[in-house]
Amino acid sequence: MQPEHQHLVLFEHPFFGKMLMLDGATQATSKDEFVYHEMMTHVPIFAHGNPREVLIVGGGDCGIAEEVLKHKSVRRLTQVEIDASVVEFSKEHFPEFTKPVLTNKRFDLIIDDGMNYVAKTDRRFDIIIVDSTDPLGPGKVLFSEKFYAACKRCMAKGGLLITQNGVPIFQAGELTATISRFRKLFADGYCYVAAIPTYVGGHMAMGWATDNTRLRHASVKTIAGRYKKAGSFPTKYWTPEVHVAAFALPRFIADKVANAKKR
Ligand code: SAM
C-alpha cells in the first residue's frame, strides 16, 4: 500500500504473526510488540509518578496509546501522527490496539507533523513519548535539536521526554547524537534499554530527557508501590525490577552515552 508519506506493508509471519513494515523497516509484530510498547510507556509513567497530560508523537499503530490508557491517572492522551493511513490500516489489522484507544474519551488523535504540533501548541505535557520511525523521510526531523527544543517548550515542569532511539550495535551514531542534543537542553540526557527480537541487534535504546534528575533513580520499592496504586494491571515484559534494571546499561552502550558530549 502506498500512502501519502511512507510505503506500508503488512504480512503474516509463521512465527512473529502480523508484521507491520514502513519503508521496509519493522514497526510492530503481534508476537513481540508488548516489549517495546510496555517499556516506552510504563517506565516513563511510573518514573514520573503522576502524569496527567501525555503526548505521543507518531505511534500510528496505537500500540503505545493502548498501554498509556491503562493508567487511569492520565486524564488526557493526545497522539500526533503524520500519516492517517497508518491508523486506518491498523484499525483493520491491529484492532487489539486501535479498538480500546479510538473509542476512549480520554484520547485525541491529531493528523499532523509532530514538529509542527510541538512548535505551535499552547498545551503543556507531563510526558512526551516519540514513537517514531527511524531518522529517514518524515521521521528525520523527530531526531533534530529543534524538535527536542520544541518538545522542551511544551513540557510541564519536571516533565519527561522519551524517544525511540534505535539499536545501538547498529545505530550508535543516532543514539550519541540524540544524547548530545538532550544534554544541551536538559539537566539529564540518558537512555534505557530493552531487547525486542524483531528490532534485530540485541538491545534497543529508548532516549530519556528531563530536568528532574531524580526520576531515573527511583527504587524498586517506590516503583512497585506506584504499580500497586495503579491497580497492578497485567504486563508481559515490564515489572518494577525490569524497570530499574533497564537503566543499568551494558558497558559498550554506557561508554557511548558517557562520551556523548554537548555539541
Ligand atoms: N515502533 C516503531 C519503530 O520503533 O520503528 C514505530 C512505530 S509507529 C508505526 C511510527 C509512526 O511514526 C508511523 O506511524 C509514522 O507515520 C509516524 N511518523 C513518522 N514521522 C512523523 C512525523 N514527522 N510526525 C508524526 N508522526 C510521524
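Residues numbered from 1 in each chain as written. Predicted model: local features only at pLDDT ≥ 70, side-chain atom pairs only at ≥ 80, totals over all residues. Heavy atoms only, no water.

**Student:** Whenever I open this one, the side chain of Asp126 confuses me. Can you help?
**Tutor:** Secondary-structure assignment places Asp126 in strand S7 (residues 125-131). Although Asp126 is buried, it forms no salt bridge, and the closest oppositely charged side chain is Arg52 at an N-O distance of 6.5 Å. Apart from the residues within four sequence positions on either side, Asp126 is in contact with His48, Pro51, Arg52, Glu53, Ala156, Gly159 and Leu160. (Helix = DSSP H or I, 4+ residues; strand = E, 2+ residues; numbered from the N terminus. Buried < 20%, exposed > 50% of the residue type's maximum accessible area, 1.4 Å probe, protein only. Lys, Arg positive; Asp, Glu negative; His and termini not counted. Salt bridge = Lys/Arg side-chain N within 4 Å of Asp/Glu carboxyl O. Contact = heavy atoms within 4.5 Å.)

**Student:** Would you mind going over unusual backbone geometry with me for this structure?
**Tutor:** When glycine is set aside, most residues are seen to have a negative phi, and most peptide bonds are trans. Not every positive phi belongs to a glycine, and Asp23 is a case in point at roughly 50°. Along the chain, Asp23 falls in the loop between strand S2 (17-22) and strand S3 (25-29). One non-glycine residue, Cys62, lies in positive phi territory at about 70°. Assignment of secondary structure puts Cys62 in the loop between strand S4 (53-58) and helix H3 (63-68).

**Student:** Please explain the environment of Met204 as it appears in this structure.
**Tutor:** With respect to the element layout, Met204 can be found in strand S10 (residues 203-210). Taking relative accessible area as the criterion, Met204 reaches 3% and is therefore assigned buried. For Met204 and Lys140, which are 64 residues apart along the polypeptide, the C-alpha to C-alpha distance reads 18 Å. With near-sequence residues (within four places) excluded, Met204 lies in contact with Tyr36, Gln164, Asn165, Gly166, Val167, Pro168, Tyr192, Val193, Ala194, Ile196 and Tyr199.

**Student:** Whenever I open this one, the packing of aromatic side chains confuses me. Can you help?
**Tutor:** By convention here, two paired aromatic rings are described through the distance between centres and the angle between planes. Under the defined criterion, the tally for this structure stands at 15 aromatic pairs. Ring centres of Tyr36 and Tyr199 lie 5.5 Å apart, and the angle between their planes is 75°; on these two criteria the pair is classed as edge-to-face. Placement of the pair is Tyr36 in helix H1 (residues 33-39) and Tyr199 in the loop between strand S9 (188-195) and S10, with a sequence separation of 163 residues. The positively charged end of Lys18 is found above the aromatic ring belonging to Phe94, 4.8 Å away from the centroid. Here Lys152 stacks its cationic end above the ring of Phe186, 4.9 Å away from the centre of that ring. (Phe/Tyr/Trp six-rings, centres within 6.5 Å; stacked < 30°, edge-to-face > 60°. Lys NZ or Arg CZ within 6 Å of the ring centre and 35° of its normal.)

**Student:** Hey, could you run me through the site of the ligand in this one?
**Tutor:** As a matter of local geometry, the ligand sits amid 24 residues, with Gln6, Glu81, Gly114, Pro138 and Tyr199 nearest to it. Gln27 places a polar side-chain atom, nitrogen or oxygen, 3.4 Å from an oxygen atom of the ligand. One nitrogen or oxygen atom from the main chain of Gly114 is found 2.9 Å from a nitrogen atom belonging to the ligand. Residues of the shell around the ligand, tallied by class, amount to eight nonpolar, 10 polar and six charged. (Near = heavy atom within 4 Å. Polar contact = N/O pair within 3.5 Å; in protein donor to acceptor, adjacent residues only side chain to side chain. Nonpolar A, V, L, I, M, F, W, Y, C, P; charged D, E, K, R; others polar.)

**Student:** Sorry, what's going on with the sheet that holds S9 here?
**Tutor:** Note on sheets: strands pair through backbone hydrogen bonds, and any given pair is parallel or antiparallel. On the basis of which strands lie adjacent, the open sheet formed by seven strands has the order S6-S5-S4-S7-S8-S10-S9 and mixed pairing. Since the sheet does not close on itself, it has two edges, and those belong to strand S6 (107-111) and S9, each with one partner. Direction aside, neighbouring strands of the sheet carry axes that sit 20° apart on average. Against the sheet, helix H7 (residues 145-153) engages S4, S7 and strand S8 (155-164), with an angle of about 145° to S8. Contacts from helix H8 (residues 168-185) reach S8, S9 and S10 within the one sheet, and its direction differs from that of S9 by about 155°. (Pairing = 2+ DSSP bridges. Axes fitted to C-alpha atoms, helices over the stretch in contact; angles between N-to-C directions.)

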